[in-house]
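Tertiary structure, described
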Amino acid sequence: MRLTDKARVELALPALVMFDVMTSGVDDPTRPEAREAIDLFAQAAEEPFADLLPAKRRSLERRAERLFEDVMRQHRQEGALVAKAGLVWFYALQRIVAQDYLVLHAGGAMARGMDLIMPALQPAANEPALNRSAEKQAVRLLKRLNWLGYYEGVSLDEANLAA
């Protein structure tokens, strides 16, 4: 199956975000689980571009990086909680996957990385106000991404979110 440039960027973006969450939010990135998750997210971010010629690859990687910078700007401000950024993206990714817009293959780098990051996000998810805020921000994030032309097939309607 041939991927469009947009689809490649959409596949790479969640991995770029989770890589950033892991590298900037983990107390000890040298712990084996942290190191493994970081490596898996790096691998998942590179996979969509692996079959491209170098010039095209660099071009699309820059495009993904610009999109990443755009949507992560608010989460990189002083005082922003890294765990909240991870939680926002978890909820956004949950919507994207629940609607079969993107598939996380069991055993794939992104799915394995998510399995490793979930325990680190759990304390933030257990704080009701923070969790509600992250869920609301996930919808705003997806609206922003839709406006930018990404994940356009993802419905923001609560009824379309699998339990």
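Small disclaimer: the values here were computed from a predicted structure and weren't measured.

Another aspect to go through is the pattern of salt bridges. This structure, assessed with the given rule, holds seven salt bridges. In this structure, lysine 6 and glutamate 152 form a salt bridge, with 2.9 Å as the shortest nitrogen-oxygen distance. A residue pair is termed long-range when its members are at least 10 positions apart, and lysine 6 in helix H1 (residues 5-25) and glutamate 152 in the segment after helix H6 (128-147) qualify at 146 residues. Of the residues examined, lysine 6 reaches a relative accessible area of 26% and is grouped as partly exposed. The salt bridge involving glutamate 33 is made with arginine 31; its shortest N-O contact spans 3.4 Å. The partly exposed category is assigned to glutamate 33, whose relative accessible area is 40%.

Take the packing of aromatic side chains next. Inspection of every chain in the model, using the stated rule, returns two aromatic pairs. Ring centres of phenylalanine 90 and tyrosine 91 lie 5.3 Å apart, and the angle between their planes is 65 degrees; this geometry places the pair in the edge-to-face category. Arranged with centres 5.8 Å apart and planes meeting at 55 degrees, the rings of tyrosine 101 and tyrosine 151 form a pair that is tilted. Of this pair, tyrosine 101 sits in the loop between helix H4 (82-98) and helix H5 (109-125) while tyrosine 151 sits in the segment after H6, placing them 50 residues apart in sequence.

A separate point is unusual backbone geometry. With a phi close to 55 degrees, aspartate 100 is a non-glycine residue in the positive phi region. Counting through the fold element by element, aspartate 100 comes out in the loop between H4 and H5. Positioned with a positive phi, tyrosine 151 is a non-glycine residue whose angle comes to about 50 degrees. On the basis of relative accessibility, which here comes to 0%, the residue tyrosine 151 falls in the buried class.

For glycine 149, the location among the structural elements is in the segment after H6. Along the primary structure glycine 149 and lysine 6 are separated by 143 residues, whereas in three dimensions their C-alpha atoms are 8.6 Å apart.

What counts, and where the lines are drawn
- Residues numbered from 1 in each chain as written.
- Predicted model: local features only at pLDDT ≥ 70, side-chain atom pairs only at ≥ 80, totals over all residues.
- Heavy atoms only, no water.
- Salt bridge = Lys/Arg side-chain N within 4 Å of Asp/Glu carboxyl O.
- Helix = DSSP H or I, 4+ residues; strand = E, 2+ residues; numbered from the N terminus.
- Buried < 20%, exposed > 50% of the residue type's maximum accessible area, 1.4 Å probe, protein only.
- Phe/Tyr/Trp six-rings, centres within 6.5 Å; stacked < 30°, edge-to-face > 60°.

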